[in-house]
Amino acid sequence: MGEEHQVSSSYWLETAPDGHHPALDGDLDVDVAVIGAGIAGLSTAWELTRAGRSVAVLEAGRVAAGVTGHTTAKVTALHTLVYDKLRRTRGPEGARLYARSQSEAIGHAARIAQELGVDCEWETRSAYTYARDPGRVAELRAEAEAAAEAGLPASFVTETGLPFPVAGAVEVTGQAQFHPRKYLLALATDLVERGGRIFEDTTVLGLDEGEPCRLSTATGATVRARDVVVATHYPIFDRALLFARLSTRRELVVAGTIPAGQDPGGMFITPDEDTRSVRTAPLEGDRRLLIVTGEHFTPGTSDPRARLERLTAWATGHFPDLEVTHRWATQDTEPTDTVPMVGPLHPGARHAYVATGFGGWGMTGGIMAGRLLTAQITGEECEWSGLYDPRRLKTAVREAPALLKTQAKVVGHFVGDRLRPSPPVESLPPGEGAVVRADGHRVAVYRDEDGGFHAVSARCTHLGCLVDFNAAERAWECPCHGSRFDTDGKVIQGPATKPLEQRDL
């Protein structure tokens, strides 16, 4: 298998110092426990520490090494094509609140970076949503008008810095991009210096919403907290049935160096061509890092190798001097009714909160969530609480077709994947995996480069869908809700919290 068809590590993970925090090894009492150390979790914990609360962050892996460590890190309020839809589904006031909350997150992050003195490669850029198809010009004009009406510095343009012509684009000035891991590691350091605590390699398994709340962990330790925030990207607890209103998509990233003179000078995205997102980042000398994202797919449903080849060909075709250095993948969680879910975990929740459904825009969304949840926990007013409230039902009903479509896909996988033909184990080449039938059970089998077999249960430990193999990343993925496991069954990404069970062939 060629190296060009394999996913490597993220540029952000390679180029930021790797801080270390201990695993939780004993019971703990705090004001607030935050589950998840991505941008939403760390932003929330940092804000709460500043507000005088004692806080513990519980992370199953490493700080800022999950979804946040694999993002493209655009800090913008222009979220592809969202404002025209929002003014129709939420009204002009809903669109205005969305624009203001996301824009304030940009300014807040800039102030934090300056206050902490962190060199997180902050750069101000215009953001563009473009199309090459003249048939989409009317849609782009409507989006520019809606975004401007919502309060953004938006306009319709026909010229960009991209190395190819466009039919039109929405431009929003004064947006930003940064190094997400450098920013978040600085946030983590400041949080700890102010008395907050961070625990890595600490998987949370259960939540008892008593007074206080009690969290059980895989290490056997218990955390007691007045309030709990679930910021695990995809919620690990199903009691709110949010999984029925969320869908997961995976997207590939190709990055490499280009001459600084070929920098297109902005942040670009198109909904066409299975999505193409383009931005650059600073490097030493006369080079810039080009980051191209696209080829989204549902985890566990596609061989990403052909997609990775297509994305690489697109990047090198439009930027011929590109020297590819990194390939990685990211994962996004989409709400069926457009807007992220930030607030009480379920209708009866008094001390449990959630932040999820950022739809690929987690940088501003996560920072916004930190401020919103801190306001709710400390009893302050926030004018966009209602917009992001996870308990909203009116919009969920209004956009029911999207919800039903999402659930139909889940049911299709739950039933249809069990009918797939089973290849013989002996036919697996090294570096490949497949779900086979053994003793009446579905077994996920991976053959390593030395010819050895690794066998685990093919049933996802979240809700029982069958996993499938992602050969580009050498991981088992659940197509229903996006849980991911390594070749030995260890959880890489939730909502699953327990590993796949070991099996004998």
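Look up: the structure comes first, before these words.
Residues numbered from 1 in each chain as written. Predicted model: local features only at pLDDT ≥ 70, side-chain atom pairs only at ≥ 80, totals over all residues. Heavy atoms only, no water.

This part covers the side chain of S277. Assignment of secondary structure puts S277 in strand β13 (residues 276–282). In terms of polar contacts, S277 uses its side chain to reach the side chain of K74, at 2.6 Å. Sequence-distant contacts of S277, that is, excluding residues within four places in its chain, are made with K74, F268, I269, I291, V292 and T293. (Helix = DSSP H or I, 4+ residues; strand = E, 2+ residues; numbered from the N terminus. Polar contact = N/O pair within 3.5 Å; in protein donor to acceptor, adjacent residues only side chain to side chain. Contact = heavy atoms within 4.5 Å.)

This part is about the state of the cysteines. The tally for this structure, following the rule as stated, stands at 1 disulfide. The side chain of C465 participates in a disulfide bridge whose partner is C480; the two sulfur atoms lie 2.0 Å from each other. Taking the torsion about the sulfur-sulfur bond, which here is approximately -90 degrees, the covalent link between C465 and C480 counts as left-handed. Of this pair, C465 sits in the loop between β20 (453–457) and β21 (468–470) while C480 sits in the loop between β22 (475–477) and β23 (484–485); the two residues are 15 residues apart in sequence, bridging distant segments of the chain. We classify C465 as buried; its relative accessible area is 3%. (Disulfide = S-S within 2.5 Å. Buried < 20%, exposed > 50% of the residue type's maximum accessible area, 1.4 Å probe, protein only.)

This part is about the environment of A109. In this structure, A109 sits in helix α4 (residues 91–116). Through-space distance from the C-alpha of A109 to that of D303 is 37 Å; in sequence the pair is 194 residues apart. When near neighbours in sequence (up to four residues on either side) are disregarded, A109 contacts W122, Y183 and I367.

This part takes up unusual backbone geometry. Each neighbour pair has its own omega, and for E211 with P212 the value is 10 degrees, a cis peptide bond. As for its position among the elements, P212 is in the loop between β8 (204–208) and β9 (213–217). G494 connects to P495 through a cis peptide bond whose omega is 25 degrees. Locating P495 in the fold gives a position in the segment after β24 (491–493). The backbone of D274 shows a phi angle near 60 degrees, a positive value even though the residue is not glycine.

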